[in-house]
Amino acid sequence: MSENKDQIKDVKEFSSRLSAQIWGHRFTDGQRGPEYVLEFLNVLRGTTYNFESPTYKRYKGAGFREFIFEGVKEGSKRNIATVPVEKKERLKKEMDDPEKVGYIQEFFRNLEVPLYNNNGKKADRSWYARSLYPLHESLLFFELRKKAGANAPDFERNFFARGGELYFLMLKYGTKDNYERRRFICDRFNNLLNQNKSIYHIVDNVQYILEDSNDGDGTPPYLVPNESNKEIPLLPTNDHYLYKNFAIELENLLSIKVDMYEMFQLLTSLISFQLVRYMYDRSKVGEQSKTQFFFDCMDGQLPQILKLSSDTFSQNELMIKQIFDEKFNESFHEIISTNYSDEKLTEWKANIEPKGHELLKLLGVNKLSVAKRKQILSALKKCEDKGDLFTKLYPVVKDMVSDGLKKDQLSIIKILLRDGGLGGFRAGSKYRYFMSDTFLQTLVYMKVLPNHDKEYSEFLQDLYEDYGFIIGVQQAKDSGIYEKSKLNISYFKKNEEALRQKLRQNGLLVEYSDATALIHNPYKSIHTHRSSEEAY
């Protein structure tokens, strides 16, 4: 292993490398649900709505965004975004009414996509890391980053777009055998993102006055292997059964006749849900059974139901911990096997200085606290041969980094659950699965054709068979949870009734009697001819 090329900088990078083997390069706990959607739309727009494109353009719009977010912080030193006086005067001069400048700023500022941190507070982002609802493609910009010493913010690929690139590739591979579906998805997004011409004209005018280019900036990044050996996004496999399912679900959602603002909320829910399923599925070790989601539809009112939900969440979390333990074990053995020799072991043991120790760098633990590094080196001193490194050193290193490794990756799942509206926690309770109104709407629009109905019990069973959702009596029995929990059947009946009521409140369920209720998708379809078989 070449120290210059392959040396791991720290545990965070080690975690990222293991994650890349399991899920792809890359997902990060710094991304929020809406950002996955924005990243994907940026990439799709940059390919001119073409899944066959090997590259995509990136749009910076730095001058326009600095104008919109004037007064917002810039970087960690608490500078603020400031539009040069001469440009501000030029705007006032070119507008029919000088007061329009303030109105335009306020209008677009109100289109900011709100992002929240883990404790529910609004994320404190610099102006160049903020985004706007894409009511038109001209409001799609790549997140920027200002490096130390730089005069202006610029692109940093690893900082933004990785999740969007991976989702783009999933749809690319998921539609490779269905050209009509691929074309529909591309055309539908092109239509949704180009309907609002008035937004485009305002943005174009402001950018022209500010001399802020809206052409693609910089060298287009590659999405596929290329002769120049440029860095590309990587999925662990290009052939996963979920990719086709994702494309079908997206087509179904895009079939309803809504505007881009409403579609954005639904897309956030859909894509977050899809990525959670993908991560769970890729985390299975061996022949594990279907992932289960027990949904608490009672809003935490019944402790027994809440516990069942949090228990299934914990089981799925344990699955992720196990796969990362397995990958850590493989990585440790590979690093030792690649670099070991009797002479090298003697050299490692002779150096007791934690700072800059070669083995600590190789293992990616050179940035742990001094006390932890000394513990690792103390275990190393007791090793007499290669076998000792696996029996005496490995357990110590694993204890030092395991929690940090898994915490980073578990956070990704929790953020997707929360932002997708299918999970979270309340003070004093553990994480559990539940359904927000938006997530419930997304499920209906995915599983029921526009302006069509589906029997409620059939809908619940579809969710169980397709996704492992456990809600009512039948699903509790089929999954074995009813027998295992020892709960009275009435608890599952109440949970099922609570969801039924929530659907009714959202205008998604029509009741004809206690025994008969139909799930209803109230929207018109933009598809002219499409059967239920084609939709599913």
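Preceding block: the structure.
Fair warning: this is a prediction, and the values are worked out from it, not measured in the lab.

Asks: What is the right way to look at the overall build of the chain in this model?
Replies: When helices and strands are counted, the chain shows 22 helices and 9 strands. Here the C-alpha atoms of the chain give a radius of gyration of 26 Å, agreeing with the 24 Å that 2.2 N^0.38 yields for 536 residues. Seen through its C-alpha atoms, the chain measures out along the principal axes to roughly 75 × 75 × 45 Å. Buried positions account for 54% of the 536 residues belonging to the chain. Pairs at least 24 apart in sequence give 71% of the contacts found in the chain among residues at least 6 apart. Counting every atom, the chain has about 24,600 Å² of accessible surface; 47% of that belongs to carbon and sulfur. Computing the positive centroid from 79 side-chain charges and the negative centroid from 77, the chain places the two 4 Å apart.

Asks: What is the right way to read helix α8 (residues 179–192) from this model?
Replies: Turn by turn, an α-helix covers 3.6 residues, leaving residues three or four places apart pointing in a common direction. The end-to-end C-alpha distance of α8 is 20 Å, a good match for the 20 Å that 14 residues give at a rise of 1.5 Å each. Along α8, the positions that sit buried rather than exposed are Arg 181, Arg 182, Phe 184, Ile 185, Cys 186, Arg 188, Phe 189 and Leu 192.

Asks: Whenever I open this one, unusual backbone geometry confuses me. Can you help?
Replies: Only a minority of non-glycine residues have a phi that is not negative, and only a minority of peptide bonds are not trans. Omega for the bond connecting His 25 with Arg 26 falls within 30 degrees of zero, at 0°, which places this linkage in the cis form. Along the chain, Arg 26 turns up in the loop between α2 (11–22) and α3 (33–46). Even without being glycine, Asp 299 reaches a positive phi, approximately 55°. In this fold, Asp 299 is placed in the loop between β3 (293–294) and α12 (303–339). Judged by relative accessible area, Asp 299 falls into the partly exposed class, the value being 37%.

Asks: So what exactly am I meant to see when it comes to the packing of aromatic side chains here?
Replies: What describes a pair of aromatic rings is the distance from one ring centre to the other and the angle between the planes of the rings. All told, the structure shown has 37 aromatic pairs when counted by the stated rule. A ring pair is formed by Phe 295 and Tyr 433, whose centres lie 5.9 Å apart and whose planes are at 45°; its orientation type is tilted. One end of the pair, Phe 295, is in the loop between β3 and α12; the other, Tyr 433, is in strand β5 (residues 432–433), with 138 residues separating them in the sequence. Each member of the pair, Phe 295 as well as Tyr 433, is classed as buried. Both rings, one in Tyr 482 and one in Phe 492, keep their centres 5.9 Å apart while their planes meet at 80°; by these two values the pair is edge-to-face. Pair noted here: Tyr 482 is in helix α20 (residues 481–485) and Phe 492 is in helix α21 (residues 489–505), with a separation of 10 residues, a long-range link. For Phe 492, a relative accessible area of 0% gives the class buried. We note Arg 45 situated over the ring of Tyr 59; from NZ or CZ to the ring centre the distance is 3.6 Å. A cation over an aromatic ring shows up here: Arg 277 above the ring of Phe 273, its NZ or CZ 4.7 Å from the ring centre.

Asks: When you look at the side chain of Lys 172 in this model, what are you seeing that I'm missing?
Replies: Residue placement: Lys 172 occurs in helix α7 (residues 162–174). Sequence-distant contacts of Lys 172, defined by excluding residues within four places in its chain, comprise Phe 51, Glu 52, Arg 182 and Val 224.

Asks: Whenever I open this one, the sheet that holds strand β6 (residues 453–455) confuses me. Can you help?
Replies: Adjacent strands of a sheet pair through backbone hydrogen bonds, lying either parallel or antiparallel. Here we have 3 strands laid out as an open sheet, ordered β6-β9-β8, and antiparallel in their pairing. Looking along the sheet, the strands with just one partner apiece sit at the ends: β6 and β8 (509–511). Taken pair by pair, the neighbouring strands of this sheet meet at an average axis angle of 30°, ignoring direction. One ladder, built from 3 bridges, connects β6 with strand β9 (residues 517–520); its direction is antiparallel. Within the sheet, the bridge partner assigned to Lys 454 lies in β9 and is Ile 519. Contacting β8 and β9, α21 runs over the sheet at an angle of about 105° to β8.

Asks: What's the story with empty space enclosed by the protein in this structure? I'm lost.
Replies: Empty space among the atoms can be located by rolling a probe the size of a water molecule over them. On inspection of all chains with the given rule, the structure shows 2 cavities of 30 Å³ or more. Roughly 60 Å³ of volume is contained in the largest cavity. Surrounding the largest cavity, Glu 112, Val 113, Pro 114, Leu 115, Lys 122, Ala 123, Arg 125, Ala 129, Arg 130 and Ser 131 form its lining. Residues that form the lining of the largest cavity fall into these classes: 5 nonpolar, 1 polar and 4 charged.

Asks: Sorry if this is basic, but what is going on with the packing of helix α5 (residues 85–94) against helix α9 (residues 197–210) here?
Replies: Relative placement of two packed helices is described by the angle separating their axes and the distance separating the axes. Their axes nearest at 9 Å, the elements α5 and α9 cross at an angle of 130°. As judged from the angle between their axes, α5 and α9 are oblique. Between α5 and α9 lies a crossing whose hand is right-handed. Residues Lys 87, Arg 90, Leu 91 and Glu 94 of α5 lie in contact with α9, whose contacting residues are Val 206, Ile 209 and Leu 210. Across the contact of α5 with α9, the residue classes break down as 4 nonpolar, no polar and 3 charged.

Asks: What is the right way to look at the packing of helix α17 (residues 437–447) against α21 in this model?
Replies: At a minimum axis separation of 11 Å, α17 and α21 run at an interaxial angle of 85°. Considering the angle they form, α17 stands roughly perpendicular to α21. Residue-level contacts link Asp 437, Leu 440 and Val 444 of α17 to Leu 499, Lys 502 and Leu 503 of α21. Looking at side-chain class alone, the contact of α17 with α21 contains 4 nonpolar, no polar and 2 charged residues.

Asks: Is there a simple way to think about the side chain of Gln 31 in this case?
Replies: By the element assignment, Gln 31 lies in the loop between α2 and α3. A polar atom in the side chain of Gln 31 sits 3.3 Å from the side chain of Tyr 36.

What counts, and at which threshold
- Residues numbered from 1 in each chain as written.
- Predicted model: local features only at pLDDT ≥ 70, side-chain atom pairs only at ≥ 80, totals over all residues.
- Heavy atoms only, no water.
- Helix = DSSP H or I, 4+ residues; strand = E, 2+ residues; numbered from the N terminus.
- Rg over C-alpha atoms; globule rule 2.2 N^0.38 Å.
- Buried < 20%, exposed > 50% of the residue type's maximum accessible area, 1.4 Å probe, protein only.
- Contact = heavy atoms within 4.5 Å.
- Areas by Shrake-Rupley, 256 points an atom, 1.4 Å probe, with all protein chains shown as cover.
- Lys, Arg positive; Asp, Glu negative; His and termini not counted.
- Charge placed at Lys NZ, Arg CZ, Asp CG, Glu CD.
- Expected span 1.5 Å × (residues − 1).
- Phe/Tyr/Trp six-rings, centres within 6.5 Å; stacked < 30°, edge-to-face > 60°.
- Lys NZ or Arg CZ within 6 Å of the ring centre and 35° of its normal.
- Pairing = 2+ DSSP bridges.
- Axes fitted to C-alpha atoms, helices over the stretch in contact; angles between N-to-C directions.
- 1 Å grid on protein atoms, 1.4 Å probe; cavity = no way out; pocket = protein on both sides within 12 Å on 5 of 7 lines; lining within 4 Å.
- Points joined across faces, edges and corners; volume = space filled by probe spheres on them.
- Nonpolar A, V, L, I, M, F, W, Y, C, P; charged D, E, K, R; others polar.
- Parallel < 35°, antiparallel > 145°, perpendicular 65-115°, else oblique.
- Left-handed = near helix turned anticlockwise from the far one by under 90°.
- Polar contact = N/O pair within 3.5 Å; in protein donor to acceptor, adjacent residues only side chain to side chain.

On their own, these measurements won't tell you what the molecule is for.
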